Protein chains: 2
Amino acid sequence: MTSSIASNPLPRRVVVREVGLRDGLQILQRVVPTATKLEWIRAAYEAGQRELEVGSFVPARLMPQLADTAEVLAYARTLPGLVASVLVPNLKGAERAIAEEAHALLVPLSASHAHSLANLRKTPDDVVAEIGRIRAARDAAGSHTRIEVGISTAFGCTIQGRVEEDEVVRLAQAVLDAGAEAVSLADTVGYADPAQVSRLIGKVLRAVGDKLETAHFHDTRGLGLANSYAALQMGISRLDACLGGIGGCPHAPGASGNVATEDLVYLLASMGIESGQDFDALVALRGRLATWLDGEQLHGTLWRAGLPRTMRPQAEAVAA
Amino acid sequence: MTSSIASNPLPRRVVVREVGLRDGLQILQRVVPTATKLEWIRAAYEAGQRELEVGSFVPARLMPQLADTAEVLAYARTLPGLVASVLVPNLKGAERAIAEEAHALLVPLSASHAHSLANLRKTPDDVVAEIGRIRAARDAAGSHTRIEVGISTAFGCTIQGRVEEDEVVRLAQAVLDAGAEAVSLADTVGYADPAQVSRLIGKVLRAVGDKLETAHFHDTRGLGLANSYAALQMGISRLDACLGGIGGCPHAPGASGNVATEDLVYLLASMGIESGQDFDALVALRGRLATWLDGEQLHGTLWRAGLPRTMRPQAEAVAA
C-alpha cells in the first residue's frame, strides 16, 4: 500500500515550460510552416511564457516537422528574457544546438532499457556516455548552452511495463556525474499515478537534490493534473506542458496528450501559485492553434468553462 | 500562500458512489425510460458498484427525468448488498424516501446563501431546521433510512463567488446537531482547487470528525481528479462520481460534468486503492450509456487509452 509522503509547502512560483513546438508538433503528420511557428512563439511570449522548447536537432529526413529548428531558435533568441531550448538525441544534435546558441539542450534518456533500445538503438548507459561527450564538446566550445537530461519512461513503459525506481535514481545520478546540469522526469506514456510521483520524486530528490528540476506529465489517462499536484507537493517548481494538450504518446491514438498548458496554469493560479502566464491570452492562442492545426484533436478542459467568478475580480465586483 | 497539509496515509479502500442516475440524468432535456435505468443499475451492480444514488423525490412536474424514482428504487433494493440512496429537497421528499425504504436520503444544503435562495427559496438555516423535522419523521416512522446532508457550493458559487470556509464548518456542525448522520462536501460548480480541498476538509474534519464522509467533485475545469487526490490525502474514503462524467453544472454548457467514475476508479487502482469496481465492465457500461444518451456529450479520459500494461498482469506476462 502506498502512502502520501507530501509535507512541503507548495512552491510560490512555478515555471511552466511550453513544449508544444517540439513534443506537440513532432507526432503530427503535417509540417507546420515556419512563419506560423514564429507567430506562435511571439504570441506565447506575449502571453507571458518565458521558456519554450522550440524544436529538435535531428536529421530532417527523420523529422521534417522540425527541420526548421535553427531558424525557429534564431527567432526565439531575439525575444528578451525568453529561454529557448531544443531537444537533441546525441552529440551531433548537441553540436548543432551549441553552434546555434540554444540556451539549453535537452537529451532524452529512456529509463526503460527496452524503450531505449527500440527508440534510440542504445542502452541507457550508452546515453550516459554520450552525455559525457556532449559536456566535453560544450566546454570545449566555451558555450553557455545548458545541458539537461530528460529521463523518459521514468514511471513505466508501454514495451517493458514496469521501470524500477532504483534504476531511475541510478540514471539520474549517472547523467549528473557525466556532466549534465539538470535532470527532469518524464511520464512519456501516461502511466504515472500521484502516489508514485510523490515516491519517485522523493527518491530522486534524496539522491540528487535540486538538480532534479522539472517534471513532464502526459494526460493519457486523465491523471496529468493530479500528478502535477503531487509533484508540486514535493517542491518541484518547473513543469512541462503543451498548449491545447497536443503531443503525447503515439501508442495511444485518440488519447489525451501532454498536460494542457492552460489547464496547468489554471491549476497553479487556483492555488495562488504564480506562473506569469495569462489565461485569456493562452486561451486565445489555443484558438489560433486549433486553426493552424485544423483537423487535429486538441485537449484540455479550462477553455470550455472559463475561469471561475472567484478568479475574476471584476465579476466579483459586479456580483457584490 | 497556501500550503499542503496532507500527511495521512491514503485509504486502503474507497467507496465510489455512482450518482449518474440522479446528478447525471437530472440536467438532461430527455427522459430516460425506466427499463433503461433498471438495465443500467443491473450492469452497474455487475461491475461491482455497491452504492448508487438512484433518483430524487421531487415533484414530477419539476423533474420529469426522475419521476420514476420509486420504481427505480424498488428495483435497486432487490439487489443484495446494494445501498440505494435518493436525493430529497425537503421533508415531503424525505417522507417518500422513508416510505419507499431508501437505504439513505441525501438532503442538499447550499453553503452559499445566494445559491440557496435562488435554488430552494430558503436560507441555509431554513434547511438546517428542515433536517430536524426530517430526523423526527424518520425516527417516528421507526425507519432505518440514513440521513446525509450534502453541503453544496462548499468551494465557491457561480452567483455569490466566494463561500466562507467557516460558514461551511458551521453548517456541517449545525446539520449534525439537527439530526443528520453524515455530511458530504460538494464542489457543485467546479471551483475547488486541491489546496483548498485539503484546507477545507481539514477544517471540517477537525470540527465534526468522521461524520464528514464523502466528497463530491465536478470536473468543470479539469481539476476533478486532482481534487479527489487531495481529499484522499486527507483520509476521505468515499467519493461521488458519474459514469462518463455526465451531469455537472448547467451554468457551464459544454464543460465537463462530474468526475467520471471510470477515471476515478482508475486513479484509485493506480495507487493500489481498492474500490471493488471493474474497469472493463465500467468502460463497457459507458459505451452502453453513450448509446442510451445518444447525442449527449460524455466525458472522461481512461476509456480512450485503456489501462496501462502495468495494470494488466496478462499483458505483463506476454511482454516478459
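Computed from a predicted structure; not experimentally measured.

Another point: the packing of helix H6 (residues 124–140) of chain A against helix H7 (residues 165–177) of chain A. Residues and elements named next belong to chain A. At a minimum axis distance of 9 Å, the contact between H6 and H7 shows a crossing angle of 20°. The orientation of H6 with respect to H7, classified from their angle, is roughly parallel. The element H6 and its partner H7 pack so that their crossing is right-handed. Residues Pro-124, Asp-125, Val-128 and Ile-131 of H6 touch H7, and the partners they reach there are Arg-170, Leu-171, Ala-174 and Val-175. Per-class residue counts for the contact of H6 with H7 are 6 nonpolar, no polar and 2 charged.

This part takes up helix H10 (residues 261–270) of chain B. For an α-helix, the turn length of 3.6 residues means that residues three or four places apart are oriented alike. Most of H10(B) is tucked away: 9 of the 10 residues are buried. Among the residues making up H10(B), those that are buried are B:Thr261, B:Glu262, B:Asp263, B:Leu264, B:Val265, B:Tyr266, B:Leu267, B:Leu268 and B:Ser270. On its buried side, H10(B) packs onto helix H8 (194–208) of chain A together with strand S1 (15–18), helix H9 (224–233), strand S8 (238–241), helix H11 (279–292) and helix H12 (302–305) of chain B. Downstream of H10(B) by a residue or two, B:Gly272 has a phi angle that is positive, lying close to 80°.

The tally for this structure, following the rule as stated, stands at 46 salt bridges over all chains. The salt bridge partner of B:Glu100 is B:Arg96, with a shortest N-O separation of 3.9 Å. Taking the relative accessible area as the measure of exposure, B:Glu100 reaches 32% and is therefore partly exposed. Under the relative-accessibility criterion, B:Arg96 is labelled partly exposed at 41%. One salt bridge connects B:Arg286 with B:Glu262, and the closest N-O pair in it is separated by 3.1 Å. One end of the pair, B:Arg286, is in helix H11; the other, B:Glu262, is in helix H10, and 24 residues separate them in sequence. No difference in accessibility class separates B:Arg286 from B:Glu262, as the two residues are buried. Bridged by salt links that share partners, the residues A:Glu51, A:Arg146, A:Glu213 and A:Arg238 form one connected network.

A separate point is the packing of aromatic side chains. For the structure shown, the criterion picks out 7 aromatic pairs over all chains. Seen from their ring centres, B:Phe155 and B:Phe217 are 5.9 Å apart, and the 50° between their planes marks the pair as tilted. Taken as a pair, B:Phe155 in the loop between strand S5 (146–152) and helix H7 (165–177) and B:Phe217 in the loop between strand S7 (212–216) and H9 lie far apart in primary sequence, 62 residues in all. Taking relative accessible area as the criterion, B:Phe155 reaches 3% and is therefore assigned buried. Using a relative accessible area of 1% as the deciding quantity, one classes B:Phe217 as buried. For A:Arg50, the ring lying beneath its charged end belongs to A:Tyr45, and the centroid distance is 3.9 Å.

Cut-off values and rules
Every chain is numbered independently, its residues counted from 1 as its sequence is written. Naming scheme: in the order in which they are written, chains are lettered from A and ligands are numbered from 1. Reporting of local features is limited, given that this is a predicted model, to residues whose pLDDT is at least 70; pairs of side-chain atoms are given and counted only at 80 or more, and all residues count toward the totals for whole chains, interfaces and linings. Side-chain descriptors were evaluated using all non-hydrogen atoms of the structure, hydrogens and water having been removed beforehand. Axes here refer to lines fitted to C-alpha atoms; in helices the fit is confined to the stretch in contact. Angles between the N-to-C directions go from 0 to 180 degrees. Think of it this way: any DSSP run of H or I at least four residues long counts as a helix, any run of E at least two long counts as a strand, and we number them from the N terminus. Reported orientations rely on four angle classes, namely roughly parallel under 35 degrees, roughly antiparallel over 145, roughly perpendicular from 65 to 115, and oblique for the rest. Rotating anticlockwise by less than a right angle from the far helix to the near helix defines a left-handed crossing, while the corresponding clockwise rotation defines a right-handed one. Between two residues, a contact is recorded if the distance between any of their heavy atoms is within 4.5 Å. Here the nonpolar group is Ala, Val, Leu, Ile, Met, Phe, Trp, Tyr, Cys and Pro; Asp, Glu, Lys and Arg are the charged ones; every other residue, Gly included, is treated as polar. For each residue, the accessible area found with a 1.4 Å probe, counting protein chains only, is set against the maximum for its type, and the residue is called buried under 20%, exposed over 50%, and partly exposed in between. When a carboxyl oxygen of Asp or Glu lies within 4 Å of a side-chain nitrogen of Lys or Arg, that pair is called a salt bridge. To pair, rings of Phe, Tyr and Trp, with the six-membered ring standing in for Trp, must have centres within 6.5 Å; the planes then decide the type, stacked if under 30 degrees apart, edge-to-face if over 60, and tilted in the middle. Each ring is checked for a lysine NZ or an arginine CZ that lies within 6 Å of its centre and within 35 degrees of its normal; such an atom marks a charge sitting over the ring.

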